[in-house]
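Coordinate inspection notes
Here are the chains, one letter per residue:
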Amino acid sequence: MSEDLEVTATSVDGVRVVQAGGEFDADEAGTLAQALVTPVDGTSLGVVVDLSRVTFADSSFLHTLIEAHRGHTAAGVPFVLAQPHPTVQRLLDLTDTARFFTVAPTTTAAVDDIRGARSNGHHVR
């Protein structure tokens with residue numbers, strides 16, 4: 001759908017940060033799903049998905065996020081959405097799925113939440 005599609009993954013202080021950008025429909029959701037595979041090797045304290053640059057998202061995008069969240073939760077790996085673009089936030093609100101996720105205002109706040117929760121023995125959903 002979009003020539004500007006971007007999905008990158010980096011590590012910030014032991015937390016995997018997946019940056020998504022562009023327009024996502026059923027054709028692009030698989031690219032995001034691959035980047036959100038649950039880390040099971042213990043190398044990641046958690047996963048943050050930066051959604052600040054996603055300009056279009058449909059139900060397949062939302063389904064990808066929900067399935068990733070379920071997989072991470074089952075594995076005990078925190079999963080946080082960060083800074084959803086207004087388009088994504090609207091999708092989350094309209095489908096009443098915003099409550100399903102932990103959402104942070106920024107990527108930095110999300111990383112800090114995960115690191116802080118882990119160091120205090122707590123768990124971020």
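A quick note: this is a predicted structure, and the numbers were derived from the prediction, not measured.

**Some words on the overall build of the protein chain**
Assigned secondary structure in the protein chain consists of four helices and five strands. In summary, the protein chain has a C-alpha radius of gyration of 13 Å against a globular reference of 14 Å for 125 residues, a match within 12%. In terms of its C-alpha atoms, the protein chain occupies a principal-axis envelope of roughly 40 × 25 × 25 Å. For the protein chain, the residues scored as buried account for 44% of the 125 residues in total. Here the contacts in the protein chain between residues at least 6 apart in sequence split such that 70% fall between residues at least 24 apart. Surface accessibility of the protein chain: about 6,300 Å² in total, with carbon and sulfur atoms responsible for 50%.

**Considering the pattern of salt bridges**
Applying the stated criterion across every chain yields a total of three salt bridges. The partner of E67 in a salt bridge is R70, with the nearest N and O atoms 2.8 Å apart. Linking E67 with R70, this pair stays in helix 2 (residues 59–75), spanning three residues, or about one helical turn.

**Describing unusual backbone geometry**
If you check the backbone angles, D13 has positive phi at about 50 degrees while not being a glycine. Residue position: D13 is located in the loop between strand 1 (6–12) and strand 2 (15–24). D13 sits in the exposed class, given a relative accessible area of 52%. Look at Q83: it is not a glycine, yet its phi comes out positive at around 45 degrees. By the element assignment, Q83 lies in the loop between strand 4 (79–82) and helix 3 (86–94).

**Concerning the sheet that holds strand 1**
Paired through backbone hydrogen bonds, the strands of a sheet run either parallel or antiparallel to each other. Ordered by their spatial adjacency, five strands build an open sheet running 1-2-3-4-5, and the pairing between neighbours is mixed. The sheet is open, and its two edges are formed by strand 1 and strand 5 (102–104), each paired on a single side. Each strand axis lies, on average, 25 degrees off the axis of its neighbour in the sheet, ignoring direction. The sheet contact formed by strand 1 and strand 2 spans seven bridges and is antiparallel.

**Some words on the pairing of strand 3 (residues 47–57)**
As paired strands, strand 2 and strand 3 are joined by eight bridges and run parallel to one another. Looking at strand 3, one finds that F24 is bridged to A57. As for the winding sense of the linkage, the β-α-β connection from strand 2 through helix 1 (residues 26–35) to strand 3 is right-handed. Alignment of strand 3 against strand 4, held across four bridges, turns out to be parallel. Among the inter-strand pairings, D50 is bridged to a residue of strand 4, identified as A82. Assessed by its sense of winding, the connection that carries the chain from strand 3 through helix 2 to strand 4 is right-handed.

Scoring rules and cut-offs
- Residues numbered from 1 in each chain as written.
- Predicted model: local features only at pLDDT ≥ 70, side-chain atom pairs only at ≥ 80, totals over all residues.
- Heavy atoms only, no water.
- Helix = DSSP H or I, 4+ residues; strand = E, 2+ residues; numbered from the N terminus.
- Rg over C-alpha atoms; globule rule 2.2 N^0.38 Å.
- Buried < 20%, exposed > 50% of the residue type's maximum accessible area, 1.4 Å probe, protein only.
- Contact = heavy atoms within 4.5 Å.
- Areas by Shrake-Rupley, 256 points an atom, 1.4 Å probe, with all protein chains shown as cover.
- Salt bridge = Lys/Arg side-chain N within 4 Å of Asp/Glu carboxyl O.
- Pairing = 2+ DSSP bridges.
- Axes fitted to C-alpha atoms, helices over the stretch in contact; angles between N-to-C directions.
- Right-handed = clockwise from strand over helix to strand, strands pointing away.

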